[in-house]
Amino acid sequence: MIQIKELYQNTPTNQKQLNPWEKSILKQFEAKMSDKDRPFPCIPATIGFSLNHLRYGFIGDPRKHTTILELSSLLKTFTEVSRNIGNYASLIVFYEIPVDMKNNYSVEQYEQLFWYQLNELAAIDDEIWPEEIPTDPHRPLWEFCFHGEKYFMFCATPAHTNRRSRHFNTMMLAITPRWVLKEFNKSQNQAKRIKERIRRRLSQYDSISVHPDLNSYGAEDNFEWRQYFIRDDDTSLSKCPFHQFLNIWK
């Protein structure tokens with residue numbers, strides 16, 4: 001029987017309900033988001049954390065299909081409540097990976113797992129793909145959609161070492177609705193200044209230069225899928241592994 005996990009809001013009362021692994025991994029995330037000496041590069045993420053606009057989910061081994069069902073349940077619930085959370089709402093998902101996987105998996109293996117997650121998640125989506133979003137990920141306006149909502153996906157893994165901004169002690173997803181990003185970009189001058197600060201922070205936070213795939217949504221030379229999983233060097237996949245629409249759409 002699949003245990004359906006609920007969204008977690010970080011409060012002292014709710015912390016008492018977490019098991020030891022969940023408490024430990026959340027504390028590690030809190031430390032990363034609140035580090036003043038080495039501030040995390042993504043400024044909107046740190047604002048969302050400080051305002052308690054982030055919601056959390058703890059799920060199982062990313063290689064198991066039951067974990068896809070847990071992720072689906074979390075993201076569906078988040079989609080339905082996110083607009084009531086705040087302007088910096090995001091869903092942070094922590095996978096409970098086995099020790100051997102944490103110690104031995106490469107960045108490329110995690111990359112394969114990430115795209116497996118998105119493909120399987122889309123396969124069980126019970127909502128129609130939004131009409132305004134292209135179904136071909138090699139078009140600039142494509143982005144991942146689930147339960148009728150458009151999302152930016154971010155993956156961090158234990159295997160990342162050069163890009164500390166993409167490193168975490170377990171496999172982790174940060175899932176942000178497009179409407180949050182639109183709100184952030186409403187003031188173009190302010191958004192431009194913050195993006196410049198983010199790039200400066202990245203250059204200080206990581207031991208490698210900013211990945212060439214980082215770009216702006218909608219730009220003619222941009223493909224969103226390339227930014228979902230950034231490798232630990234400057235390489236990237238030549239073709240998007242998201243293949244939902246190779247099959248007949250329901």
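From a predicted model like this one, the values you see are computed outputs, not experimental measurements. (Residues numbered from 1 in each chain as written. Predicted model: local features only at pLDDT ≥ 70, side-chain atom pairs only at ≥ 80, totals over all residues. Heavy atoms only, no water.)

Draft legend 1. Just the packing of aromatic side chains, in detail. Per the stated rule, a full pass over the model turns up 24 aromatic pairs. Look at Phe-29 and Phe-94: their rings are 5.7 Å apart centre to centre, the planes differ by 75 degrees, and that puts the pair in the edge-to-face class. Taken together, the residues Phe-29 in helix H2 (residues 20–34) and Phe-94 in strand S2 (residues 90–95) connect sequence positions 65 residues apart. Of the two residues, Phe-29 and Phe-94, both sit in the buried class. When the ring of Trp-115 is compared with that of Trp-225, the centres are 6.3 Å apart and the planes differ by 70 degrees; the resulting orientation is edge-to-face. Of this pair, Trp-115 sits in helix H6 (residues 107–123) while Trp-225 sits in helix H9 (residues 225–228), placing them 110 residues apart in sequence. Residues Trp-115 and Trp-225 agree in their burial class; the two are buried. A network of ring pairs unites the aromatic residues Phe-114, Trp-115, Trp-129, Trp-142, Phe-144, Phe-152, Trp-225, Tyr-228, Phe-229 and Phe-242 as a single cluster. (Phe/Tyr/Trp six-rings, centres within 6.5 Å; stacked < 30°, edge-to-face > 60°. Helix = DSSP H or I, 4+ residues; strand = E, 2+ residues; numbered from the N terminus. Buried < 20%, exposed > 50% of the residue type's maximum accessible area, 1.4 Å probe, protein only.)

Draft legend 2. A look at the pattern of salt bridges. Taken as a whole and assessed by the stated rule, the structure comprises nine salt bridges. Between Arg-163 and Asp-234 there is a salt bridge, with the nearest N and O atoms lying 2.8 Å from each other. With Arg-163 in the loop between strand S4 (149–156) and strand S5 (172–177) and Asp-234 in the segment after H9, the pair connects residues that are 71 residues apart, well separated along the chain. By relative accessible area, Arg-163 is classed as buried at 2%. (Salt bridge = Lys/Arg side-chain N within 4 Å of Asp/Glu carboxyl O.)

Draft legend 3. Examining helix H8 (residues 188–205) more closely. The end-to-end C-alpha distance of H8, which contains 18 residues, comes to 25 Å, matching closely the 26 Å that a straight helix rising 1.5 Å per residue would cover. Among the residues making up H8, those that are buried are Ala-191, Ile-194, Ile-198, Arg-201, Leu-202 and Tyr-205. End-on, the buried residues of H8 take up no more than an arc of 105 degrees, which puts them together on one face. Away from the buried face of H8 by more than 90 degrees, exposed residues Asn-189, Lys-192, Arg-193 and Gln-204 are located. On its buried face, H8 sits against H2, helix H3 (43–50) and helix H7 (178–184). (Expected span 1.5 Å × (residues − 1). Arc of directions from axis to C-beta. Contact = heavy atoms within 4.5 Å.)

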